[in-house]
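Here's the letter readout for the chains.
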Amino acid sequence: MNIQQALVSGTEKLKSAKIISASLDAEILLSWTLNKPKSYLFTYPEKKLTQAQLAKFEKYISRRSKNEPVAYLTSHKEFYGLDFLVNKNVLIPRPETELLVEEVLKNKKIKRLADIGTGSGCIAIALAKNNPELKIYAADISAKALIIARKNAKKYKLKNIIFKKGNLLEPIKNIKLDAVVANLPYLSKKIYKKNYHNLKFEPKNAMLAGKDGLDYYRKLFEQIKKLKYKPKYIFYENNGGMCYTGCG
Ligand SMILES: C[S@@+](CC[C@H](N)C(=O)[O-])C[C@H]1O[C@@H](n2cnc3c(N)ncnc32)[C@H](O)[C@@H]1O
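These figures come from a predicted structure and were not determined experimentally.

Q: Looking at this model, I keep getting lost on the packing of helix H1 (residues 3-16) against helix H4 (residues 51-65). Mind explaining?
A: The geometry of a pair of packed helices is captured by two quantities: the angle between their axes and the separation between those axes. Put simply, H1 and H4 touch, their axes get as near as 9 Å, and they point 20 degrees apart. When the axis of H1 is compared with that of H4, the two are roughly parallel. Where H1 crosses over H4, the two elements pack in a sense that is right-handed. Contacts between H1 and H4 involve Ala6, Gly10, Lys13 and Leu14 from the first element and Phe57, Glu58, Ile61, Arg64 and Ser65 from the second.

Q: What is the right way to read the UniProt feature "domain: Methyltransferase small" (unreviewed entry) in the protein from this model?
A: Cross-referencing UniProt, the feature "domain: Methyltransferase small" (unreviewed entry) maps to residues 97-190 in the present numbering. For residues 97-190, the helix share is 35%, the strand share is 21%, and the end-to-end C-alpha distance is 22 Å.

Q: Can you help me understand the domain arrangement of the protein in this one?
A: When the parts come together, some accessible area is lost, and that loss is often what is quoted as the size of the interface. In terms of domains, the protein is made up of domain 1 (3-66) and domain 2 (76-246). Between the C-alpha centres of domain 1 and domain 2 the distance comes to 33 Å.

Q: Help me understand the UniProt feature "domain: Release factor glutamine methyltransferase N-terminal" (unreviewed entry) in the protein in this model?
A: Mapped onto this numbering, the UniProt entry gives "domain: Release factor glutamine methyltransferase N-terminal" (unreviewed entry) at residues 5-74. A distance of 21 Å separates the end C-alpha atoms of residues 5-74, which is 73% helix and 0% strand.

Q: Just to check I follow, could you spell out the site of the ligand for this structure?
A: Taken together, 19 residues are adjacent to the ligand, and Gly117, Asp140, Asn167, Leu168 and Ala206 come closest. Between the ligand and glycine 117 there is a distance of 2.7 Å, counted from a nitrogen atom to a backbone nitrogen or oxygen. For the ligand, a nitrogen atom lies 3.3 Å from a polar atom in the backbone of threonine 118. Coverage of the ligand by the protein chains reaches 96% of its 600 Å² of free accessible surface. In terms of residue class, the shell around the ligand is built from 9 nonpolar, 9 polar and 1 charged.

Q: Explain the side chain of asparagine 160 here, please?
A: Along the polypeptide, asparagine 160 turns up in the loop between helix H8 (143-155) and strand E5 (161-165). Polar side-chain contacts of asparagine 160 include one of 3.2 Å to the backbone oxygen of proline 132. There is a polar contact of 2.9 Å between the side chain of asparagine 160 and the backbone oxygen of leucine 134. Excluding anything up to four places from it in sequence, asparagine 160 contacts Ala128, Asn131, Pro132, Leu134, Lys135 and Ile136.

Q: Which parts of the structure should I look at to understand the pattern of salt bridges?
A: When their charged atoms lie close together, side chains carrying opposite charge are able to pair. Applying the stated criterion to the full structure yields 10 salt bridges. Two residues, lysine 173 and glutamate 170, come together in a salt bridge whose shortest N-O distance is 2.6 Å. For lysine 173, a relative accessible area of 36% corresponds to the partly exposed category. The salt bridge involving glutamate 222 is made with lysine 225; its shortest N-O contact spans 3.3 Å. In this pair, glutamate 222 and lysine 225 both sit in helix H11 (residues 215-226), 3 residues apart, roughly one turn of the helix. Taking relative accessible area as the criterion, glutamate 222 reaches 38% and is therefore assigned partly exposed.

Q: Help me understand H8 in this model?
A: Residues spaced three or four apart along an α-helix face the same direction, because each turn holds 3.6 residues. Here H8 spans 19 Å end to end across 13 residues, near enough to the 18 Å set by a 1.5 Å rise per residue. Among the residues of H8, those classed as buried are Ala145, Leu146, Ile148, Ala149, Asn152 and Ala153. The arc that holds every buried residue of H8, seen down its axis, measures 160 degrees, which confines them to one face. Exposed and facing more than 90 degrees away from the buried side of H8 are Lys144 and Lys154. Against strand E2 (82-85), helix H7 (122-130), strand E4 (135-140) and E5 lie the buried residues of H8. Of the residues flanking the end of H8, it is lysine 157, one or two places downstream, whose phi is positive at about 55 degrees.

Q: Please clarify how the packing of helix H2 (residues 22-34) against H4 should be interpreted in this entry.
A: The interhelical angle for the contact between H2 and H4, taken along N-to-C directions, is 145 degrees, at an axis separation of 9 Å. Note that H2 runs across H4; the crossing there is right-handed. On the side of H2, the interface is formed by Asp25, Ala26, Leu29, Leu30, Trp32, Thr33 and Leu34, while H4 contributes Gln53, Lys56, Phe57, Tyr60, Ile61 and Arg64.

Basis of the calculations
Residues numbered from 1 in each chain as written. Predicted model: local features only at pLDDT ≥ 70, side-chain atom pairs only at ≥ 80, totals over all residues. Heavy atoms only, no water. Axes fitted to C-alpha atoms, helices over the stretch in contact; angles between N-to-C directions. Helix = DSSP H or I, 4+ residues; strand = E, 2+ residues; numbered from the N terminus. Parallel < 35°, antiparallel > 145°, perpendicular 65-115°, else oblique. Left-handed = near helix turned anticlockwise from the far one by under 90°. Contact = heavy atoms within 4.5 Å. UniProt positions renumbered as here; feature names shortened; annotations may be inferred. Domains from an automatic or database assignment. Near = heavy atom within 4 Å. Polar contact = N/O pair within 3.5 Å; in protein donor to acceptor, adjacent residues only side chain to side chain. Areas by Shrake-Rupley, 256 points an atom, 1.4 Å probe, with all protein chains shown as cover. Nonpolar A, V, L, I, M, F, W, Y, C, P; charged D, E, K, R; others polar. Salt bridge = Lys/Arg side-chain N within 4 Å of Asp/Glu carboxyl O. Buried < 20%, exposed > 50% of the residue type's maximum accessible area, 1.4 Å probe, protein only. Expected span 1.5 Å × (residues − 1). Arc of directions from axis to C-beta.

Next comes the structure, spelled out in structure tokens:
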């Protein structure tokens, strides 16, 4: 089978599994299989796949047909123009979260901040890369997620992020911060259940936040109230989008 035939066949299989982005996904998975850029597929459509390449591609197509996200198949996801390593222990960074990064970078008064629920480290790393002056504390309750976050920070040779394991602000409660940034789990049980088919591969503890989806933000705000040094700004993402508040 050649590249063009593999693309047609992969796309058809994904379409019949009701994958909306069938043709794009087949292209990404084939270029990943061949370790070539997407442009290669269209420059050499007649090039034959080896048996091993075909078997690998077909395996990816079969997993994608069961709705496994492309990012978990390739172990990579782009966020804020940077490439992040991801696996099943971290939420796949979402484009809407780039808004949080954008807003924080606009505020030149922020020098020291915490990223709570850092996951893959995408927010902390995008901030650190775009403003090397920032001192960032990135925390997560999941040790497995922190392994990925640390790998991502290492890849970009970032020295201005300190990773901590713990419950919300607990591991950094004595540090004076200008801002707290958080993309914590915020799905209600109802929304999680409704979207289960699309979310089932990602860690439940990165998404589900009790009956109304506010469990973690309630706890975070309780912790902030008790801090000795209160941050001036809080940036967080929830169902309604990005929120930004000054603590006065
Ligand atoms: C919605 S994900 C966000 C991941 C990443 N910041 C992003 O934007 O893609 C939420 C993250 O919060 C973490 N988390 C859940 N409960 C936590 C807690 N009590 N304390 C700290 N982190 C928590 C999860 O492990 C997960 O990595």
